[in-house]
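Architecture and fold: a report
Listed below are the residues making up each chain.
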Amino acid sequence: LPGGKKDGSSSRNGIYVGANYHFLRGFRYEDADLAIRFETDSAGLVTVNPEASPAVVTYNSARYGTGFALDFGIGAVIHRGEFGFGANGVGNRINWEDFTSKQWRLENWSEEGSDFIEHELVPEASKLKVKLPVEYVGNVAYHLKSWSFAAEISNGFQGTSFHGGVEYRHGAIEFRGGGRYGLDRWNPSGGIGLNLGKRFSVDVA
């Protein structure tokens with residue numbers, strides 16, 4: 001970055017750009033659908049319709065799929081601060097092949113010993129493309145002599161999540177604390193690090 005080295009600046013000052021290519025190999029795809037049907041008479045009471053199956057389970061599966069996904073990110077280190085933004089899983093998809101389809105039908109649940117009867121079905125499609133939404137991530141961090149602060153927020157397949165933390169360094173000991181929010185739940189965390197030399201340290205969380 002222009003401006004030269006200043007007091008408190010980092011030797012990592014600069015702009016960083018990165019990209020990843022993921023080759024995806026799918027080993028199992030499963031999709032099950034359950035339909036339950038109740039018949040009622042004119043009085044609103046449950047009755048039996050011999051022409052209708054009260055319960056039907058349809059199951060589709062595949063054992064082979066291939067696909068890809070792309071990640072892009074850009075970040076900057078400006079003296080004590082760090083900033084970044086990324087998009088993960090761009091074009092995320094798997095093309096599934098060689099489908100099989102089965103169906104289990106309960107013919108009558110009023111008869112004792114009634115059980116599901118299995119039927120082989122012709123798959124509705126021989127191939128299926130499954131996509132996932134892009135995950136967008138933003139992060140920020142700030143470093144002092146003894147303290148560091150960092151936070152990240154993301155939005156993607158599992159909604160919006162956030163995690164942040166703080167680290168305090170005192171000699172060979174580092175104390176850390178933070179938390180993560182995701183799936184409507186907070187998860188706190190804490191830890192300690194012991195630097196036992198220039199090349200060896202132990203972290204416990």
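Scroll up to find the structure this text is about.
Residues numbered from 1 in each chain as written. Predicted model: local features only at pLDDT ≥ 70, side-chain atom pairs only at ≥ 80, totals over all residues. Heavy atoms only, no water.

Attention shifts here to the environment of serine 42. Relative to the assigned elements, serine 42 resides in the loop between β3 (39-40) and β4 (46-47). A residue is classified by how much of its surface remains accessible, and serine 42, at 85% relative accessible area, is exposed. In the structure, serine 42 is positioned 98 residues away from valine 140 in sequence and 65 Å away in space, judged by C-alpha atoms. (Helix = DSSP H or I, 4+ residues; strand = E, 2+ residues; numbered from the N terminus. Buried < 20%, exposed > 50% of the residue type's maximum accessible area, 1.4 Å probe, protein only.)

Within the fold, glutamine 103 resides in strand β6 (residues 81-106). By relative accessible area, glutamine 103 is classed as buried at 14%. Separated by 3.1 Å, the side chains of glutamine 103 and threonine 58 make a polar contact. Of the polar contacts made by the side chain of glutamine 103, one reaches the side chain of arginine 105; its length is 3.0 Å. With near-sequence residues (within four places) excluded, glutamine 103 lies in contact with Val56, Val57, Thr58, Ile117, Glu118, His119 and Leu121. (Polar contact = N/O pair within 3.5 Å; in protein donor to acceptor, adjacent residues only side chain to side chain. Contact = heavy atoms within 4.5 Å.)

The phi dihedral of aspartate 98 is positive, around 60°, even though this residue is not glycine. With respect to the secondary-structure elements, aspartate 98 resides in strand β6. With phi around 65°, aspartate 184 is a residue other than glycine that occupies positive phi space. Looking at where aspartate 184 falls in the secondary structure, it is placed in the loop between β12 (173-182) and β13 (185-195).

On to the pairing of strand β11 (residues 159-170), then. Both strand β10 (residues 147-156) and β11 contribute to a ladder of ten bridges, which runs antiparallel. Within the sheet, the bridge partner assigned to glutamate 152 lies in β11 and is histidine 163. Hairpin connection from β10 to β11: two residues lie between these consecutive antiparallel strands. Note: β11 against β12, nine bridges, orientation antiparallel. Looking at the pairing, valine 166 lines up with glycine 177 of β12. From the end of β11 to the start of β12, which pair antiparallel, there are two residues, and glycine 171 there has a positive phi angle of about 65°. (Pairing = 2+ DSSP bridges.)

Summed over the entire model, instances satisfying the criterion amount to seven salt bridges. Notably, a salt bridge pairs glutamate 167 with arginine 176, separated by 2.6 Å at the nearest N-O pair. Owing to a relative accessible area of 18%, glutamate 167 belongs among the buried residues under this scheme. What makes arginine 176 partly exposed here is its relative accessible area of 30%. Among the charged side chains, a salt-bridge network with shared partners connects Glu167, Arg169, Glu174, Arg176 and Asp203. (Salt bridge = Lys/Arg side-chain N within 4 Å of Asp/Glu carboxyl O.)

With the rule as written, the count across this model stands at nine aromatic pairs. Judged by centre distance (6.4 Å) and plane angle (55°), the ring pair of tyrosine 59 and tryptophan 104 falls under tilted. Taken together, the residues span a long stretch of sequence, with tyrosine 59 in strand β5 (residues 55-78) and tryptophan 104 in strand β6 at a distance of 45 residues. Overall, tryptophan 104 belongs to the partly exposed group, its relative accessible area being 25%. Centroid distance tryptophan 147 to tyrosine 168: 4.7 Å. Interplanar angle 45°. Geometry classified as tilted. Here the residue tryptophan 147 occupies a position in strand β10, and tyrosine 168 occupies one in strand β11, the gap between them amounting to 21 residues. (Phe/Tyr/Trp six-rings, centres within 6.5 Å; stacked < 30°, edge-to-face > 60°.)

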